[in-house]
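Here is how the chains run, residue by residue.
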Amino acid sequence: MESPDSSVLKRIEQLVDEEHALLEKAEEGKLEGDAHARLQAVQVMLDQCWDLLRQRRARREFGKDPDKAHVRDPSTVEHYRQ
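What you see is a predicted model, and the numbers here were worked out from it, not measured in a lab.

Reading guide: rules and limits
- Residues numbered from 1 in each chain as written.
- Predicted model: local features only at pLDDT ≥ 70, side-chain atom pairs only at ≥ 80, totals over all residues.
- Heavy atoms only, no water.
- Helix = DSSP H or I, 4+ residues; strand = E, 2+ residues; numbered from the N terminus.
- Expected span 1.5 Å × (residues − 1).
- Buried < 20%, exposed > 50% of the residue type's maximum accessible area, 1.4 Å probe, protein only.
- Contact = heavy atoms within 4.5 Å.
- Salt bridge = Lys/Arg side-chain N within 4 Å of Asp/Glu carboxyl O.

Trainee: I'm lost on helix α2 (residues 35-61) in this one. Help?
Mentor: Since one α-helical turn is 3.6 residues long, residues separated by three or four positions face the same way. With 27 residues, α2 should cover 39 Å at 1.5 Å per step; its first-to-last C-alpha distance of 39 Å lies within 8% of that length. Within the sequence span of α2, burial applies to Ala-35, Leu-39, Val-42, Leu-46, Gln-48, Cys-49, Asp-51, Leu-52, Leu-53, Gln-55 and Arg-56. Buried residues along α2 sit against α1 (6-27) and α3 (74-77). Gly-63 lies just past α2 and shows a positive phi near 75°.

Put into structure tokens, the structure is as follows:
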């Protein structure tokens, strides 16, 4: 049986794979052209996905509809304190 959050988790997995591939190229000095911008975009999308997953889990925990969670804009998720 699939998790109710499986689509979000699958997207996170895809983004993590892409991020790792881009970071590997960066370490080798082979990150060219738009790849730097793509890496930054992937990292922002990952933050958004993790935030969405946390929202969904919190809503579920408190008896609310997890499907009412929404992707927040980059300026919101990028300014969270770690």
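Trainee: Would you mind showing me how to read the pattern of salt bridges here?
Mentor: As a working rule, side chains carrying opposite charge can pair if their charged atoms are close by. A complete count under the given rule lists six salt bridges for this structure. A salt bridge links Arg-60 to Asp-5; the nearest nitrogen and oxygen atoms lie 3.0 Å apart. A residue pair is termed long-range when its members are at least 10 positions apart, and Arg-60 in helix α2 and Asp-5 in the segment before α1 qualify at 55 residues. A relative accessible area of 31% places Arg-60 in the partly exposed class.

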